[in-house]
Amino acid sequence: MTEQVVLRFRRGTRLQYDRVREQWFIQAPERAFFADPIAAEILQLVNGKRTVGAIINQLCQKFAAPRETIAQDVLRMVQELADKQVLQTA
């Protein structure tokens, strides 16, 4: 996974907020994953148009953390979700 890649949710998969539990989760065909607050921040920026690098830049502006740290975390997470067939390249 590189910063130049544009990601989107796979067909039938989406990020949804559960108001009862007050928590974000990823809804996929026949399965669901709870998204921790950091994952939810990242996934809310996935829109099929924005590159991974642009997502990292937006998170750097929002949070006071080194870009290198944010980039490592984002790249690791999106790769894991791509491996689980939640995300794919646009």
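Going by the structure above, here's the rest.
Residues numbered from 1 in each chain as written. Predicted model: local features only at pLDDT ≥ 70, side-chain atom pairs only at ≥ 80, totals over all residues. Heavy atoms only, no water.

Trainee: Could you clarify how one ought to interpret the nonpolar core in this entry?
Mentor: For soluble globular proteins, nonpolar side chains are generally found buried alongside one another. With 24 residues, the main nonpolar core has Leu43, Val74 and Leu87 as its most contacted residues. If you list the elements that add at least two residues to this core, you get β1 (7–9), α1 (37–43), α2 (52–62) and α3 (67–83). Look past the residues within four positions of Val74 in its chain and what remains in contact with it is Ile42, Val52, Ile56 and Leu59. (Core = buried A, V, L, I, M, F, W, Y, C linked by side-chain atoms within 4.5 Å. Buried < 20%, exposed > 50% of the residue type's maximum accessible area, 1.4 Å probe, protein only. Helix = DSSP H or I, 4+ residues; strand = E, 2+ residues; numbered from the N terminus. Contact = heavy atoms within 4.5 Å.)

Trainee: For this particular structure, what's the right way to read the pattern of salt bridges?
Mentor: Here the idea is simple: oppositely charged side chains can pair when their charged atoms come close. Tallying each qualifying case throughout the model produces four salt bridges. Arg21 is the salt-bridge partner of Asp18, the closest N and O atoms lying 2.6 Å from each other. A residue is classified by how much of its surface remains accessible, and Arg21, at 56% relative accessible area, is exposed. (Salt bridge = Lys/Arg side-chain N within 4 Å of Asp/Glu carboxyl O.)

Trainee: Help me understand the sheet that holds strand β2 (residues 14–18) in this model?
Mentor: The strands making up a sheet associate through hydrogen bonds between their backbones, and the pairing can be parallel or antiparallel. Spatial strand order, β2-β3-β4: three strands in an open sheet with antiparallel pairing. In the strand order of this sheet, the two ends are held by β2 and β4 (31–34), each with one partner. Taken over all neighbouring pairs, the strand axes of this sheet differ in orientation by 30° on average, direction set aside. In the sheet, β2 pairs with strand β3 (residues 23–28) via five bridges, with the strands oriented antiparallel. By the bridge assignment for β3, Tyr17 is matched with Trp24. (Pairing = 2+ DSSP bridges. Axes fitted to C-alpha atoms, helices over the stretch in contact; angles between N-to-C directions.)

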